[in-house]
Amino acid sequence: MAVLCGAALGGSALPAAAGAALRRCGAGGSGRSPWKPVLLLLSPPAFSTTCSRCAKDRRLRAKRAISERQLTRYFVDQRKVHVVGGQGGGGGQSFYSEPRKIFGGPDGGNGGDGGHVIFKADQQMKSLSSVFPFYQGSRGERGGSKNCYGANGAHVYVKVPLGTLVKEDGRVVADLTQHGEEYVAAYGGAGGKGNRFFLSNENRAPTFFTPGEPGQERVLHLELKTTAHAGLVGFPNAGKSSLLRAISRAKPAVAAYPFTTLNPHVGIVHYQDYEQVAVADIPGLIKGAHQNRGLGVAFLKHIERCRFLLYVVDLSVPQPWMQLQDLKHELEAYEKGLSERPGVVIGNKIDLAQSRINLPLLRERVAERVIALSALTGDNLEELLSHLRELYDTYVKTEQARGQSPVKW
């Protein structure tokens with residue numbers, strides 16, 4: 001039943017036709033009419049329950065901003081999972097019997113297989129926070145009479161983000177990098193055999209059957225490596241988070257103290273031809289990061305999946321080219337060839353006076369292209385976005401030439 005809002009009933013906007021209808025039905029008259037009151041539907045759309053005047057008073061609630069401390073709970077890149085396959089159903093034990101055929105023989109069916117536990121890569125998932133520490137497949141049903149087989153147990157699907165590594169005893173057993181890719185983490189147990197299965201010429205009335213087998217049991221370690229096209233690499237307070245906020249809609253925390261970013265953030269850069277380039281903000285590295293200083297290994301592993309790197313250098317510090325040398329040294333010490341990936345050097349904080357002095361000195365000592373900009377004021381961001389698109393187009397062409405599909409966002 002449609003409900004009319006108070007503004008439409010009590011206001012002066014009540015149509016004259018509605019008033020006439022109320023008078024005819026006796027609701028607005030003296031009550032001498034024998035007709036009963038009826039509900040008159042004034043507005044043709046049946047979906048609306050309020051008028052436009054009341055709808056203006058309702059406002060959409062703004063999305064609550066998530067702080068870095070709360071994001072630490074939501075973003076999880078490691079998880080230990082105990083998986084157990086479903087128990088297989090036991091075999092049935094029964095004998096066929098009906099009028100005029102009392103000794104029909106055994107007809108107990110086999111039990112159903114247990115359900116598997118399957119990890120499935122989903123591009124909508126961005127963290128392992130929704131993965132529980134324990135999963136178990138469904139149990140198979142028991143075999144029935146009249147040679148009826150038991151139903152198989154339902155599979156349990158666990159959605160994981162793209163770039164999830166599955167390890168067992170320190171050995172990589174699966175690498176889920178494509179959307180929809182699956183890995184059977186634990187197989188369900190086979191169903192038991194009913195007494196019909198053991199029928200033979202020597203034993204015409206078998207009474208024994210087998211129970212269902214237990215499911216596979218494993219303890220797996222899930223490790224997430226952020227899959228992005230570009231990675232922002234730099235020392236703490238170099239302005240990586242501010243730059244990501246300037247070129248995308250991501251909202252990482254920004255403050256005047258080091259290690260503001262505790263977890264990787266991924267921002268999407270949109271272009272006019274509807275292409276999307278994913279840029280990851282890697283937390284700040286320090287000297288000795290490859291030796292796990294300052295949680296360096298936890299941060300460096302997210303750079304492995306980046307196709308090209310954006311080295312963010314603070315131009316306001318003395319000898320900014322030393323930052324670039326230290327960054328490449330840490331990347332090369334962590335994984336050989338990691339620093340040789342395509343990239344560009346970004347000189348941030350060009351709005352400061354000392355940065356304008358260090359810029360020509362940096363370009364003399366660096367062989368790569370240097371893009372000077374200011375993430376705070378937005379100066380020269382167009383050059384960065386243009387070069388970022390060039391790196392992305394080169395990556396797409398290279399993957400297509402190899403016969404592989406490039407990562408799309």
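Above this text you will find the structure in question.
Description of the structure in this document. Just so it is clear, the structure is predicted and the values come from calculations on it, not from any experiment.

Quick look at the pattern of salt bridges
Summed over the entire model, instances satisfying the criterion amount to 10 salt bridges. Residues Glu 168 and Arg 218 are paired through a salt bridge, measuring 2.6 Å at the closest nitrogen-oxygen approach. Placement of Glu 168 in strand β5 (residues 164–168) and of Arg 218 in strand β8 (residues 217–224) is noted, with a sequence separation of 50 residues between them. Residue classification places Glu 168 among the buried residues on the basis of a relative accessible area of 19%. Residue classification places Arg 218 among the buried residues on the basis of a relative accessible area of 10%. The closest approach of N and O atoms between Arg 369 and Glu 383, which form a salt bridge, is 3.0 Å. In this pair, Arg 369 sits in the loop between α8 (353–365) and β14 (370–372) while Glu 383 sits in helix α9 (residues 381–401), placing the two residues 14 residues apart along the sequence. Judged by relative accessible area, which is 27%, Glu 383 ranks as partly exposed.

Quick notes on the sheet that holds β5
One open sheet accounts for five strands, arranged β3-β1-β8-β5-β6; its pairing is mixed. Two strands close off the open sheet at either side, each with one partner strand: β3 (134–136) and β6 (171–176). Between one strand axis and the next, the sheet turns by 30° as a mean value, whatever way the strands run. Here β5 runs beside β6; their pairing, made up of five bridges, is antiparallel. Bridge pairing links Val 166 to Ala 174 in β6.

A short note on the pairing of strand β4 (residues 156–160)
Residues Val 156, Val 158 and Val 160 of β4 are buried on one face, while the alternating residues Tyr 157 and Lys 159, pointing to the opposite face, are not. Here strand β2 (residues 117–121) runs beside β4; their pairing, made up of five bridges, is parallel. Bridging across to β4, Ile 118 finds its partner in Tyr 157.

Description of the pairing of β2
Successive side chains on a regular strand alternate, one facing one side of the sheet and the next facing the other. Within β2, four of the five residues are buried, which leaves the element mostly enclosed by the surrounding structure. Pairing between β2 and strand β7 (residues 182–186): four bridges, direction antiparallel. By the bridge assignment, Phe 119 is partnered in β7 with Tyr 183.

Here we look at the environment of His 265
Examined against the element boundaries, His 265 turns out to sit in strand β10 (residues 265–270). Overall, the relative accessible area of 11% leaves His 265 in the buried class. C-alpha separation for the pair His 265 and Ile 282, spaced 17 residues apart in sequence, amounts to 7.1 Å.

Examining helix α5 (residues 240–247)
The α-helix winds at 3.6 residues per turn, so residues separated by three or four positions along the chain end up facing the same way. The set of residues buried in α5 consists of Lys 240, Ser 241, Leu 243, Leu 244 and Ile 247. Across the axial projection of α5, the buried residues extend over an arc of 160°, all falling on one side. Residues of α5 that are buried sit in contact with β9 (230–234), β10, β11 (276–281), β12 (308–314), β13 (343–348) and α9.

Describing the environment of Ala 151
Along the polypeptide, Ala 151 turns up in the loop between β3 and β4. For Ala 151, a relative accessible area of 37% translates into the label partly exposed. Discounting residues that sit within four places of it in the chain, Ala 151 has contacts with Gly 112, Gly 140 and Glu 141.

Scoring rules and cut-offs
- Residues numbered from 1 in each chain as written.
- Predicted model: local features only at pLDDT ≥ 70, side-chain atom pairs only at ≥ 80, totals over all residues.
- Heavy atoms only, no water.
- Salt bridge = Lys/Arg side-chain N within 4 Å of Asp/Glu carboxyl O.
- Helix = DSSP H or I, 4+ residues; strand = E, 2+ residues; numbered from the N terminus.
- Buried < 20%, exposed > 50% of the residue type's maximum accessible area, 1.4 Å probe, protein only.
- Pairing = 2+ DSSP bridges.
- Axes fitted to C-alpha atoms, helices over the stretch in contact; angles between N-to-C directions.
- Arc of directions from axis to C-beta.
- Contact = heavy atoms within 4.5 Å.

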